[in-house]
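Next come the chains, spelled out residue by residue.
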Amino acid sequence: MFSGRLKTLKAYVPGEQPQDRRYIKLNTNESPYPPSPLVGTALREFEYKRLRLYPDPRAKRLREKVAQVCGVETDQVFVANGSDEALSFCFYAFFDAARGKVLFPEFTYSFYPVYCNFYDLPYEKVSLGEGYVVEVEPFLRTDSCGIIFANPNAPTGISLPLERMESLLCRYPQENAVIVDEAYVDFGAESALGLLNAHRNLVVIRTFSKSMSLAGLRLGFVIAHSSLIEALFTVKDSFNSYPVDTLTQMIGEIALSDESYYRAMREKIVLTRERFSQRLQEMGWLVLPSKANFVFATKKGIAGLHVYQTLREKGILVRHFDMKGIEDFVRITIGTDEDMETLLDAIKSSL
Ligand code: PMP
């Protein structure tokens, strides 16, 4: 009944989305603010009869809009059903076991090893430097078929400066892909987009789930050289011709046209992050310097699991990773100022 392949699958475990009661949800890095009001208007006015037809399989209008906003050509843009799908297609298209291992940081997005297992790609986790920082030198190896890292990294929130990314790209073999997952880049890190012209092996991945407040929509995109983008179309069309539906293509385009709204939301989140980090440090916590919409924090003498469980009982969800080396940390998504006040009160009274 079941395939041999299925028996060896190790699936990713997403953060909880509990339905049993109302929580202050600070566990999956969603935005606490709604999407642009233009999205609401477009949904209300949507001509439902359009759903009779299949969507544009190449999502031309949406890709044109992404290209305009990112300052690239349309043929450098690929859109997918969330950046998870974009990542999956990139692993399939660009990494090859025959050329060596996939390299990624020791602590990073835990979907990367899942894709490696899924596509039978050998991988190696590269140790982080002092202070959980991604170092460039350990990635400069000849036995690898490609590199992937998140910038800012997750769950640490620490960003890699542009000059270090450039140094990596200049010294790493050009026939191997370097994928930069910029899911959280809008909250203050430097983007690698400006390096695309000089480095044809660079692949940048973005999402609408975090800074665009559209996690429920499932939309992500890839920016890379047009030949790499064509390869992603080949993968898509061998899997599902229409992973991005008509409504999603329309909403994505509209959301991208409301830059001023989203800039204001990002600024709010960054301000809340800085204030919250400061307050938590004053309470004796170690908070890693974050450029994302979450912070990674620990308090000496308290187990991460205990923090997670205590807060959960108080109706606040944060994320705990049961991984040696970071087991005493929790990852806390930045919510509204009010959410963070409630969290600080709960920490003060119970931890
Ligand atoms: N990359 C990173 C680093 C993430 O944390 C996430 C969110 N879990 C994703 C990609 C996937 O985001 P989405 O599929 O919602 O676009």
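Residues numbered from 1 in each chain as written. Predicted model: local features only at pLDDT ≥ 70, side-chain atom pairs only at ≥ 80, totals over all residues. Heavy atoms only, no water.

Visitor: So what exactly am I meant to see when it comes to the overall build of the chain here?
Guide: Per the secondary structure count, the chain includes 11 helices and 12 strands. Taking 351 residues into account, the globule formula puts the C-alpha radius of gyration at 20 Å, and the chain, at 20 Å, falls close to it. Taking the principal axes of its C-alpha atoms as reference, the chain extends roughly 55 × 55 × 50 Å. Residues classed as buried in the chain amount to 52% of the 351 residues present. When contacts within the chain are restricted to residue pairs at least 6 apart in sequence, long-range pairs at least 24 apart make up 74% of them. Split by element, the accessible area of the chain, about 16,700 Å² in all, is 51% carbon and sulfur. One way to put it: in the chain the 41 positive side-chain charges average out to a point 3 Å from where the 44 negative ones average out. (Helix = DSSP H or I, 4+ residues; strand = E, 2+ residues; numbered from the N terminus. Rg over C-alpha atoms; globule rule 2.2 N^0.38 Å. Buried < 20%, exposed > 50% of the residue type's maximum accessible area, 1.4 Å probe, protein only. Contact = heavy atoms within 4.5 Å. Areas by Shrake-Rupley, 256 points an atom, 1.4 Å probe, with all protein chains shown as cover. Lys, Arg positive; Asp, Glu negative; His and termini not counted. Charge placed at Lys NZ, Arg CZ, Asp CG, Glu CD.)

Visitor: Before we go on, may I ask you to explain the domain arrangement of the chain in this structure?
Guide: Accessible area lost when the parts come together is the quantity often used to give the size of an interface. You can read the domains of the chain as domain 1 (4-34 + 259-350) and domain 2 (37-255). When each unit is reduced to the centre of its C-alpha atoms, the spacing between domain 1 and domain 2 is 23 Å. Facing 31 residues of domain 1, the contacting portion of domain 2 comprises 31 residues. Summing both sides of the interface, domain 1 and domain 2 together bury roughly 2,600 Å²; the carbon and sulfur share of this comes to 67%. If you sort the residues of domain 1 by the area they bury against domain 2, Tyr12, Tyr262 and Lys291 come out on top, with a joint share of 28%. For the pair domain 1 and domain 2, the number of links is zero salt bridges. At the junction of domain 1 and domain 2, the tally comes to six residue pairs in polar contact (both at pLDDT 80 or more). (Domains from an automatic or database assignment. Buried area = accessible area lost by both parts, 1.4 Å probe. Salt bridge = Lys/Arg side-chain N within 4 Å of Asp/Glu carboxyl O. Polar contact = N/O pair within 3.5 Å; in protein donor to acceptor, adjacent residues only side chain to side chain.)

Visitor: What should I look at first to understand the pattern of salt bridges in this one?
Guide: Side chains carrying opposite charge are able to pair once their charged atoms draw close together. In the structure shown here, the tally under the stated rule is 16 salt bridges. Salt-bridge contacts for Glu253 lead to Arg61; the nearest nitrogen and oxygen are separated by 2.8 Å. Taken together, the residues Glu253 in helix H8 (residues 246-256) and Arg61 in helix H3 (residues 60-70) connect sequence positions 192 residues apart. The residue Arg171 makes a salt bridge to Glu137 at a minimum N-O spacing of 3.1 Å. Of this pair, Arg171 sits in helix H6 (residues 162-171) while Glu137 sits in the loop between strand E4 (123-126) and strand E5 (144-150), and the two are 34 residues apart along the sequence. Classification of Arg171 by relative accessible area gives partly exposed; the value is 44%.

Visitor: Would you mind showing me how to read the pairing of strand E7 (residues 202-207) here?
Guide: Consecutive residues of a regular strand have side chains that alternate between opposite faces of the sheet. For E7, the tally of buried residues reaches six of six residues, placing the bulk of the element in the interior. Every second residue of E7 is oriented toward a common face, with Leu202, Val204 and Arg206 on one face and Val203, Ile205 and Thr207 on the other, all of them buried. Pairing analysis gives four bridges linking strand E6 (residues 177-181) to E7, with the strands arranged parallel. When the sheet's bridge partners are listed, Ile179 is paired in E7 with Val203. (Pairing = 2+ DSSP bridges.)

Visitor: Is there a simple way to think about helix H11 (residues 337-350) in this case?
Guide: Since the α-helix packs 3.6 residues into each turn, any two residues three or four apart lie on the same face. The end-to-end C-alpha distance of H11, which contains 14 residues, comes to 20 Å, matching closely the 20 Å that a straight helix rising 1.5 Å per residue would cover. Every buried residue of H11 is accounted for by Met340, Leu343, Leu344, Ala346 and Ile347. Projection of H11 onto a plane perpendicular to its axis shows the buried side chains occupying an angular sector of 160 degrees, all on one side. Facing away from the buried surface of H11 by more than 90 degrees, the exposed residues are Glu338, Lys348 and Ser349. In this fold, the buried residues of H11 make contact with helix H9 (259-282), helix H10 (304-313), strand E11 (316-317) and strand E12 (329-333). (Expected span 1.5 Å × (residues − 1). Arc of directions from axis to C-beta.)

Visitor: Is there a simple way to explain the environment of Lys60 in this structure?
Guide: Here Lys60 lies in helix H3. Residues Lys60 and Gln249, 189 residues apart in the sequence, show an inter-C-alpha distance of 9.0 Å.

Visitor: How do you make sense of the site of the ligand when you look at a structure like this?
Guide: In the region of the ligand, the neighbouring residues are Gly82, Ser83, Asp84, Tyr109, Asp181, Ala183, Tyr184, Thr207, Ser209, Lys210 and Arg218. Here Asp84 contributes a backbone N or O atom positioned 3.0 Å from an oxygen atom of the ligand. The separation between an oxygen atom of the ligand and a polar side-chain atom of Tyr184 is 2.6 Å. Surface burial for the ligand is 91%, taken as the share of its 400 Å² of free accessible area covered by protein chains. When residues of the shell around the ligand are assigned to their parent elements, the largest contribution, three residues, is made by helix H4 (residues 82-94). Residue classes in the shell around the ligand are distributed as three nonpolar, four polar and four charged. (Near = heavy atom within 4 Å. Nonpolar A, V, L, I, M, F, W, Y, C, P; charged D, E, K, R; others polar.)

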